[in-house]
Every structure is written in structure tokens, then in C-alpha cells.
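# Architecture at a glance
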Amino acid sequence: MPRVVIVGGGFGGLYAARAFRGAPVQVTVVDRRNHHLFQPLLYQVAMAALSPGDIASPIRWILRRQKNVEVLLADATGVDLERRRLLLSDGELSYDYLILATGTTHAYFGHDEWQPLAPGLKTLEDALEIRRRVLVAFERAERQPEAATRDALLTFVVIGGGPTGVEMAGALAEISRQSLTRDFRHIDPGAARIILLEGGPSILSAFPEPLRAAALHDLQKLGVDVRTNAAVSAITADGVSIGSDSIRSETVLWAAGVAASPLGRSLGVPVDRAGRVRVQPDLTIPGHPNVYVIGDLASLDGENGRPLPGVAQVAIQMGQHAVRNVLRAVEGQPLRPFVYRDLGNMATIGRASAVADFGTFRLTGYFAWLAWLFVHILNLIGFRNRLLVMVQWAWAYMTYQRAVRLITTKPPAEAGAPR
Ligand SMILES: Cc1cc2nc3c(=O)[nH]c(=O)nc-3n(C[C@H](O)[C@H](O)[C@H](O)COP(=O)(O)OP(=O)(O)OC[C@H]3O[C@@H](n4cnc5c(N)ncnc54)[C@H](O)[C@@H]3O)c2cc1C
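This part is about unusual backbone geometry. With a phi close to 55°, Arg 84 is a non-glycine residue in the positive phi region. Take Arg 84: it is sitting in the loop between β6 (76-80) and β7 (85-88). Of note, Asn 229 is a non-glycine position whose phi angle comes to about 50°, a positive value. Locating Asn 229 in the fold gives a position in the loop between β13 (224-227) and β14 (234-236). On the accessibility criterion, Asn 229 (55% relative accessible area) is exposed.

What follows deals with the pattern of salt bridges. In this structure the tally under the stated criterion is 13 salt bridges. The salt bridge partner of Arg 133 is Glu 129, with a shortest N-O separation of 2.8 Å. Residue Arg 133 and its partner Glu 129 are located together in helix α5 (residues 124-142), separated by four residues, close to a single helical turn. A residue is classified by how much of its surface remains accessible, and Arg 133, at 10% relative accessible area, is buried.

Attention shifts here to the sheet that holds strand β25 (residues 362-364). As summarised here, the arrangement of the three strands in space is β23-β24-β25, forming an open sheet in which the pairing is antiparallel. The open sheet terminates on both sides in strands that have one partner only, identified here as β23 (345-348) and β25. Looking at each pair of strands side by side, their axes are set apart by 0° on average, direction ignored. Here β23 runs beside strand β24 (residues 354-357); their pairing, made up of four bridges, is antiparallel. Along β24, the bridge assignment pairs Asn 345 with Asp 357. In the packing of helix α10 (residues 365-379) onto the sheet, contacts are made with β23, β24 and β25, and the angle to β25 comes to roughly 110°.

Quick look at the site of the ligand now. Inspection of the region around the ligand gives 25 residues, with Gly 12, Asp 31, Ala 76, Asp 296 and Ala 312 positioned closest. Gln 39 has a polar side-chain atom sitting 3.0 Å from an oxygen atom of the ligand. The backbone of Ala 312 places a nitrogen or oxygen atom 2.9 Å from an oxygen atom of the ligand. Protein coverage of the free-state accessible area of the ligand, which is 1000 Å², stands at 88%. Of all the elements in the fold, those that place two or more residues in the shell around the ligand are α1 (11-19) and α9 (312-330). The residue makeup of the shell around the ligand, split by class, is nine nonpolar, 10 polar and six charged.

Residue position: Val 69 is located in strand β5 (residues 69-73). Taking the relative accessible area as the measure of exposure, Val 69 reaches 12% and is therefore buried. Between the alpha carbons of Val 69 and Arg 18 there is a distance of 8.9 Å; along the sequence they are 51 residues apart. If sequence neighbours within four positions are ignored, Val 69 has contacts with Ala 17, Gln 26, Val 27, Val 29 and Leu 63.

Because side chains alternate across strand β9 (residues 97-100), one face comprises the buried residues Tyr 97 and Ile 99, and the other comprises Leu 98 and Leu 100, equally buried. In the sheet, strand β1 (residues 3-7) pairs with β9 via four bridges, with the strands oriented parallel. Within β9, the position partnered with Val 5 by the bridge is Leu 98. With three bridges connecting them, β9 and strand β21 (residues 288-293) associate as parallel partners. In the strand pairing of β21, Leu 98 is matched with Val 291.

If you trace the backbone, Ser 249 turns up in the loop between β16 (245-248) and β17 (251-254). Within the structure, Ser 249 has its side chain in polar contact with the backbone oxygen of Thr 155 (distance 2.7 Å).

Together, Tyr 366, Phe 367 and Leu 370 make up a nonpolar patch on the protein surface, roughly 320 Å² of accessible area in all. Relative to the helices and strands, Leu 370 resides in helix α10. Judged by relative accessible area, which is 34%, Leu 370 ranks as partly exposed.

Thresholds, definitions, all that
- Residues numbered from 1 in each chain as written.
- Predicted model: local features only at pLDDT ≥ 70, side-chain atom pairs only at ≥ 80, totals over all residues.
- Heavy atoms only, no water.
- Helix = DSSP H or I, 4+ residues; strand = E, 2+ residues; numbered from the N terminus.
- Buried < 20%, exposed > 50% of the residue type's maximum accessible area, 1.4 Å probe, protein only.
- Salt bridge = Lys/Arg side-chain N within 4 Å of Asp/Glu carboxyl O.
- Pairing = 2+ DSSP bridges.
- Axes fitted to C-alpha atoms, helices over the stretch in contact; angles between N-to-C directions.
- Contact = heavy atoms within 4.5 Å.
- Near = heavy atom within 4 Å.
- Polar contact = N/O pair within 3.5 Å; in protein donor to acceptor, adjacent residues only side chain to side chain.
- Areas by Shrake-Rupley, 256 points an atom, 1.4 Å probe, with all protein chains shown as cover.
- Nonpolar A, V, L, I, M, F, W, Y, C, P; charged D, E, K, R; others polar.
- Patch = residues over 30% accessible without salt bridge, like charges linked within 9 Å, V, L, I, M, F, W, Y side chains within 5 Å.

Listed below in C-alpha cells is the structure:
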């Protein structure tokens with residue numbers, strides 16, 4: 001039986017593995033983590049509205065009923081295309097067909113020294129670290145007698161005005177203005193400054209203009225200071241510089257750039273500027289019709305001539321398409337090109353507000369948020385008590401209570417200074 005190795009148990013890899021159900025192939029899923037992560041709700045963990053277990057499930061548990069699939073915890077380091085081997089940090093695996101779906105990581109535009117000063121949001125560890133920094137900033141402000149330092153502790157800067165930055169800024173405003181208002185005696189959490197910096201002329205640049213304007217309006221209503229054309233030139237332990245302007249802040253969060261997993265470049269085939277592999281229309285790489293690259297790691301133009309976006313639906317549909325092509329190849333049939341079916345684009349802005357672009361129609365405000373909630377409930381696959389968790393979280397959202405108590409596990413002394 002042909003052996004298929006899938007690297008990555010994210011949206012692309014997991015949906016590919018599921019699509020092989022009952023197929024005459026032996027599938028091995030390799031991931032360096034043991035869980036599949038529902039990244040669209042990660043900022044809710046960072047902002048203490050959900051717990052890690054609510055949005056992550058063991059990959060082997062999700063695939064437990066699929067007899068032709070095995071799951072291995074391993075770190076892939078490269079591919080020997082000639083010998084048809086996936087190289088691991090501690091061994092290798094042979095394959096007949098390979099599907100690479102290792103996604104992306106943060107990019108700091110050549111300033112890797114910014115990483116510890118401004119963490120990005122990609123993994124559960126990132127989310128818990130961001131949560132810790134935010135909560136510890138309020139705790140330290142409560143005890144800080146000096147006004148300028150207290151102000152810096154109560155100033156939160158989010159860099160990057162895409163969906164993740166907008167979601168984080170909105171949620172931060174909501175925590176400070178609504179959830180924490182009665183919890184402190186010496187500070188007013190509602191007076192915290194939330195600053196969202198975007199280097200380009202507009203936030204949510206992938207959305208149509210009326211939705212961008214609606215998002216800006218809703219963020220400003222929440223008290224977020226949105227600054228566009230504000231390209232960050234330096235990040236230090238004291239805060240952020242934008243040209244000659246500087247903002248003193250103890251908590252800086254990064255939502256500005258991504259780079260493809262290094263596995264892409266290791267293939268030695270053409271990649272784009274972010275290191276995404278330029279795949280052929282059938283999702284294989286040039287010269288190797290048995291090697292597929294999908295999801296965030298792949299670069300492919302859509303029907304409009306623009307690169308397909310790095311979103312879950314692209315990864316899912318690519319995963320399913322790669323499987324159809326593998327099975328066609330097994331049967332000796334020609335491979336088919338991938339066609340993306342765009343199901344829409346959404347971003348949420350704090351409590352009960354969002355923007356949603358479904359192409360033929362658009363939604364803003366509360367109805368967009370309801371649509372956002374519905375889509376996320378629907379797509380939380382294989383998670384225990386999916387509906388209960390979401391109802392509990394939605395209730396907490398509507399009553400201004402955080403679903404998760406605002407606790408941080410590491411005391412500041414043990415964790416080091418917050419930054
Ligand atoms: C904070 C955040 C919010 C988002 N919100 C949305 C949203 O609202 N809507 C939307 O559509 N999209 C959203 N996205 C984007 C979406 O999550 C991605 O497009 C999608 O996850 C891409 O799927 P993928 O399978 O290509 O990669 P991923 O889902 O990132 O999966 C990659 C997998 O590969 C594994 N891996 C990586 N390197 C290795 C290695 N060397 N060896 C072994 N395993 C490895 C990782 O552990 C991971 O499990 C968001 C992303 C983030 C970070």
C-alpha cells in the first residue's frame with residue numbers, strides 16, 4: 001500500500017489526514033506538537049476569555065477512529081527529495097507521497113532582536129505569555145507609585161492592523177474598560193491606553209473600504225488609539241519608536257508579519273519573499289509530482305491573479321484537494337488544478353462587534369459578530385463539549401465577565417521582569 005507522510009497537524013494537514021479516511025493508503029501524520037490548534041480563537045486564550053484546552057485537541061485523539069492513520073510526535077528538519085525521505089531531528093521516514101503543511105511563524109522584518117520584547121501570537125505558549133504580560137502589567141501598575149512608570153505599565157501597544165492585531169486591541173480595550181474596572185484600588189484600569197499601530201494607510205487592508213471604516217469606528221468607540229502610516233522603527237525595553245516619535249510602554253505585542261516555516265526553503269525550489277513555496281496549480285512542487293505543499297506554506301495565485309490569503313479555508317481546501325490528487329495518482333490518472341472557493345472573510349472587534357465580507361453581501365456590528373460566532377462554533381472540529389464551551393464563552397462575553405478568571409501562573413519574580 002502506498003505510504004503518505006503528512007507533515008503538520010494544523011488545518012491543512014489535519015483535513016488532509018481526514019480526507020484519506022477509508023482510502024487504500026497508509027498515512028503517517030508528523031507534528032512537533034501533539035495537538036491541533038484552532039488558531040482563529042487563539043487571541044481569546046491570550047485575552048483570558050478561553051482556556052488552552054478549549055481550542056486545542058490531541059491530533060491522535062481526533063484521528064483515533066481512522067485505522068489507516070498513525071500520528072508521530074517529531075520535528076521535521078528537511079526533505080531528501082531524491083531518496084524520498086523526510087528528515088527528522090532524530091531519524092527519517094520514507095514516503096511515496098509527501099504533503100508538507102508546516103505553516104508559518106512570526107517575522108520581525110530583519111529585527112529578530114524585537115522578538116523577546118514584542119511577542120507574537122501563533123502557539124498556545126505565545127498566548128499564555130501574552131496573557132501573563134498583560135495581567136502582570138496591571139498588577140505592577142497597582143503598586144507603582146511613580147506616575148510615568150505607572151502610565152507605561154498601563155500603555156499597551158499592538159503592532160499590526162490585520163485581523164489578529166485588531167482582535168487583540170479590541171479585546172485589550174474590553175478587558176481594561178469592562179472586565180477589570182472594579183478589581184483595583186489604586187489604578188483605574190479603564191484609563192489604560194491601547195494603541196494599535198499599522199504601517200500601511202489602513203487597518204484590515206484585505207477588507208473592502210466600508211468594512212475597514214466600520215472596524216475603525218468600532219475600535220475607536222472602544223477607546224483604542226488607532227494610528228495608521230505608523231511604521232515602527234525601533235522596539236526597546238522602554239517602548240516603541242515610530243520615526244522621531246516614541247511611545248513609552250511596558251507591553252508591546254506583535255501582529256505584523258509572518259514568515260513561512262523553514263522547511264519550505266529547504267526543498268530548494270522557488271519560494272516567494274516570505275519563504276512560501278511556489279507550488280504548481282496541482283499543488284505539487286516542480287519536478288516532484290509526489291510532493292505537495294499546502295496551506296500557509298504554499299504560494300499560489302487565485303483566479304483574480306493575487307496570491308491566495310493565509311487563512312484556514314485555503315489550507316483546508318488545499319489539504320482536501322491534495323488528497324484527491326494523491327488518490328488520482330495512485331490510480332494512474334492525471335492530477336487536477338486547485339480552485340479555491342472563497343467562503344468569506346471575518347474579523348471581530350471586541351465584544352459583540354465584527355466585520356464580515358461574504359463577497360455578495362457584507363455585515364458589520366452585532367450581526368457580523370453573530371455570524372462570526374456561528375462560523376467559529378461550526379468549525380471547532382472534534383472538540384469536547386464544543387457547543388457548551390462556546391455558549392459559556394458567549395455568555396461571559398455578553399455579561400462582561402471573562403470566562404477564565406484573570407490568573408497568571410508565574411509570579412513576576414519567577415518569570416523575570418515582564419519584559
Ligand atoms: C492568531 C491567529 C488568528 C488567526 N485567525 C484566523 C481567522 O480568524 N480565520 C482564518 O481563516 N484564519 C485565521 N488565521 C490563519 C490560519 O490559522 C492559518 O491560515 C492556518 O492555520 C494555516 O493552516 P496550515 O495547516 O497551513 O498551518 P498551521 O495551522 O499553522 O499548522 C502547522 C502545523 O505544522 C506543525 N509544524 C510546524 N513546523 C513543523 C516541523 N518542522 N515539524 C513538525 N511539525 C511542524 C505545527 O506544530 C502546526 O501544527 C489565524 C492565524 C493566527 C496565528
